[in-house]
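In case you want the letters, here they are:
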Amino acid sequence: MQRDTAIFKLINEELERQRNGIELIASENFTSLQVMEAMGTSLTNKYAEGYPGKRYYGGCEIVDEVEQLAINRIKEVFNCEYANVQPHSGAQANAALMLGILQTGDKILGLDLSMGGHLTHGSPVNFSGKNYHGFFYGVKKDTGLIDYEMLEEKARTEKPKLIVCGASAYSRDIDYARIRKVADEINAFVLCDMAHPAGFIAKGLLSSPFDHCHFVTSTTHKTLRGPRGGIILMKKDFENPMGLKDMKGNLRMMSNVLDMAVFPGTQGGPLMHVIAAKAVAFGELLTEEFTTYITQVQKNAQAMAKAFVVRNYQIISGGTDNHLMLIDLRNKNITGKKAQETLDKAHITLNKNAVPYDDKSPFVTSGIRVGVPAITTRGMKEDDMEKIVALIDKVLMDIDNEATIAGVKDEVKILMQDFPLYPDFK
Ligand code: DSN
């Protein structure tokens, strides 16, 4: 068969784009070479519906070991009793979790998407708001911090079956104990979707949701720096209070409910090549090298936030505890859309983002979200954050000047040559 040159040409172009640009999308990262290698393997050929030791297909003895290694490693990372490593994505993990513990029409309470929440936390355009009834809490207008009083009030009046915490564009730590307290009052479950801060939680740099939340979901490709995918975790297994019984009439353990919600509930065959790559990434999480990396992510984010503030950029909540910051550009008279599109031309990649109480549509927005996991993987340090903010400022302050943009694009390329990406790939 002829090699598909059209696709491989595009793959090479994408690698060059990643190499030559400054990647500031908060949810992206660069995996290690061995994580990518694991994905491009014969494991993609294998059907393995079921779980290790309980499959619906023959020939699963090797992939069983792969999946078990992934499970064991991620349980060790977060010191937890249960892990399901099969969800194809964070959205799939949340879909399965909700299918397992909720009935259609049940109420869920999550952080409003326009205040930093996520689509799968009850948005009306998502399964989570179509199959279930979404209610929302927000952040305070003056501080940009989660409005816990509002969360408590909504919880007490609406009595949701599930409270979801975790966010896509929130730069501060979360008070999980406070959320659990009100959940216990109304007999609700608590889910923490830790997709963004998971890498910090793994190394104790941010509060852990595990002691307070019944369930924890995550993607594996953000601060965990693995392949694209999802996971579902529980600190401790427990008997399901919904009364779901097995064939012998015994109450099912929640681990069994969740496993069944992933497969056969919401997915078919697991992506064994991705699970192998997850296992590799989870092994990397257990190393001191990863501790050094994620500590540097936090230092870089703080250095970057400081550099923006010095240039009079308005960071929601005034700074960051994690890897990202949300910047309100209204005082600069620039929309998020215009900023994203113009910075893209200079090969600085980030995303437009609604800011709390935004007066513009989600397609335009008043803000940008900036994250440092990917550039930290490339080896950048605090003084490089200064340089990047200076380049962003140069573009934004002269936003219609094509010559300035082209000049910054050249500066970006030169800067990034000092931080090689996959140098062994030719
Ligand atoms: N796309 C993820 C993010 O950027 O945060 C959420 O789905």
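Not measured: the values here are computed from a predicted model.

Some thoughts on the side chain of Asn240
By the secondary structure assignment, Asn240 is in the loop between β10 (230-234) and α9 (254-266). From its side chain, Asn240 meets the backbone nitrogen of Gly243 in a polar contact 2.9 Å long. Once you skip the residues sitting within four places of it in the chain, Asn240 turns out to touch Leu251, Arg252, Met254 and Val257.

Considerations on empty space enclosed by the protein
Overall, the coordinates contain three cavities of 30 Å³ or more when judged by the stated rule. Within this model, the largest cavity holds a volume of roughly 90 Å³. Lining the largest cavity are Ala167, Tyr170, Arg172, Asp173, Ile174, Tyr176, His196, Pro197, Ile201, Leu206 and Asn322. Taken together, the residues that form the lining of the largest cavity break down as seven nonpolar, two polar and two charged. As for the second largest cavity, its lining consists of Met115, Val139, Gly144, Ala169, Tyr170, Ser171, Arg172, Ile316, Ser317, Leu326 and Pro356. Considering only residue class, the lining of the second largest cavity consists of seven nonpolar, three polar and one charged.

Describing the sheet that holds strand β4 (residues 82-84)
A sheet is described by the order of its strands in space; here seven strands give the open sequence β4-β10-β9-β8-β7-β5-β6, paired in mixed fashion. Each having just a single partner strand, β4 and β6 (133-137) make up the two edges of the open sheet. Put simply, the sheet's adjacent strands are angled 20° from each other on average, direction ignored. Bridge count between strand β9 (residues 215-219) and β10: four bridges; the pairing is antiparallel. For Ser218, the partnering residue across the bridge sits in β10 and is Ile231. Sitting on the sheet, helix α3 (residues 61-78) is in contact with β4 and β10, with an inclination near 130° to β4.

Reading the values: rules and limits
- Residues numbered from 1 in each chain as written.
- Predicted model: local features only at pLDDT ≥ 70, side-chain atom pairs only at ≥ 80, totals over all residues.
- Heavy atoms only, no water.
- Helix = DSSP H or I, 4+ residues; strand = E, 2+ residues; numbered from the N terminus.
- Polar contact = N/O pair within 3.5 Å; in protein donor to acceptor, adjacent residues only side chain to side chain.
- Contact = heavy atoms within 4.5 Å.
- 1 Å grid on protein atoms, 1.4 Å probe; cavity = no way out; pocket = protein on both sides within 12 Å on 5 of 7 lines; lining within 4 Å.
- Points joined across faces, edges and corners; volume = space filled by probe spheres on them.
- Nonpolar A, V, L, I, M, F, W, Y, C, P; charged D, E, K, R; others polar.
- Pairing = 2+ DSSP bridges.
- Axes fitted to C-alpha atoms, helices over the stretch in contact; angles between N-to-C directions.

Keep in mind that these numbers describe shape and distance, not what the molecule does.
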